[in-house]
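# Tertiary structure, described
Residue strings, one per chain:
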Amino acid sequence: MSAEDLEKYETEMELSLYKEYRDVVGQFAYVVETERRFYLANEVDVQARNADGEVYFEVRMSDAWVWDMYRPARFVKYVRVLTFKDVNIEEVDKPDLRLPEGEPFGG
């Protein structure tokens with residue numbers, strides 16, 4: 001396999017992963033970004049920990065999806081991450097799930 005073939009394969013895998021992300025993002029409540037990975041999750045708990053004067057973060061997520069093109073299964077029931085780096089957590093905006101104002105529920 002040439003370097004060009006490998007690059008083409010990785011580009012196709014990345015595009016496939018992006019399409020999967022686009023299809024599943026609405027099923028999750030949070031986007032979580034750590035130094036090494038990007039996650040979607042429905043439950044997130046972050047705790048700052050201290051060990052010998054060093055602060056690190058323990059991030060626990062459940063019902064999650066992992067952005068990793070090399071994983072055969074990206075949906076996971078539970079994830080625990082320990083990191084000394086920043087953790088970014090954002091709530092997923094779900095504008096499609098809002099009911100139009102002024103219309104009664106159900107129709």
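A brief look at the structure comes next. Just so you know, these numbers come straight off a predicted model, no measurement behind them. (Residues numbered from 1 in each chain as written. Predicted model: local features only at pLDDT ≥ 70, side-chain atom pairs only at ≥ 80, totals over all residues. Heavy atoms only, no water.)

Here we take up the overall build of the protein chain. Tallying secondary structure elements over the protein chain gives 1 helix and 5 strands in all. Helices and strands in the protein chain line up, N terminus first, as α-β-β-β-β-β. A burial count over the protein chain gives 24% of its 107 residues as buried. Total accessible area computed for the protein chain in this model is approximately 8,200 Å², and 48% of it derives from carbon and sulfur atoms. (Helix = DSSP H or I, 4+ residues; strand = E, 2+ residues; numbered from the N terminus. Buried < 20%, exposed > 50% of the residue type's maximum accessible area, 1.4 Å probe, protein only. Areas by Shrake-Rupley, 256 points an atom, 1.4 Å probe, with all protein chains shown as cover.)

A word on the environment of Val79. Locating Val79 in the fold gives a position in strand β4 (residues 75–83). Contact partners of Val79, with chain neighbours within four places excluded, come to Tyr39, Val59, Arg60, Met61 and Ala64. (Contact = heavy atoms within 4.5 Å.)

Before going further, it helps to spend a moment on the environment of Asp93. With respect to the element layout, Asp93 can be found in the segment after β5 (88–91). For Asp93, a relative accessible area of 53% puts it in the exposed group. Taking the C-alpha atoms as reference, Asp93 lies 8.4 Å from Gly26; in sequence the two are 67 residues apart.

Looking now at the sheet that holds β4. Taken together, 5 strands build an open sheet; the order of strands is β4-β3-β2-β1-β5 and the sheet is antiparallel. The open sheet is flanked by β4 and β5, the only strands paired with a single partner. Adjacent strand axes in the sheet meet at a mean angle of 25°, parallel and antiparallel pairs treated alike. When strand β2 (residues 38–51) meets strand β3 (residues 54–67), the two strands line up antiparallel, connected through 13 bridges. The partner of Asp45 across the bridge, within β3, is Arg60. Here helix α1 (residues 3–24) sits on the sheet in contact with β2, β3 and β4, set at roughly 85° to β3. (Pairing = 2+ DSSP bridges. Axes fitted to C-alpha atoms, helices over the stretch in contact; angles between N-to-C directions.)

Moving on, we get to the layout of surface pockets. Each pocket or cavity is described by its volume, and for the largest pocket that value is around 180 Å³. Lining the largest pocket we find Thr34, Glu35, Arg36, Arg37, Tyr39, Val66, Arg71, Val76, Val79, Val81, Leu82 and Thr83. At 5 residues, β4 tops the list of elements feeding residues into the lining of the largest pocket. Partitioned by chemical class, the residues of the lining of the largest pocket number 6 nonpolar, 2 polar and 4 charged. (1 Å grid on protein atoms, 1.4 Å probe; cavity = no way out; pocket = protein on both sides within 12 Å on 5 of 7 lines; lining within 4 Å. Points joined across faces, edges and corners; volume = space filled by probe spheres on them. Nonpolar A, V, L, I, M, F, W, Y, C, P; charged D, E, K, R; others polar.)

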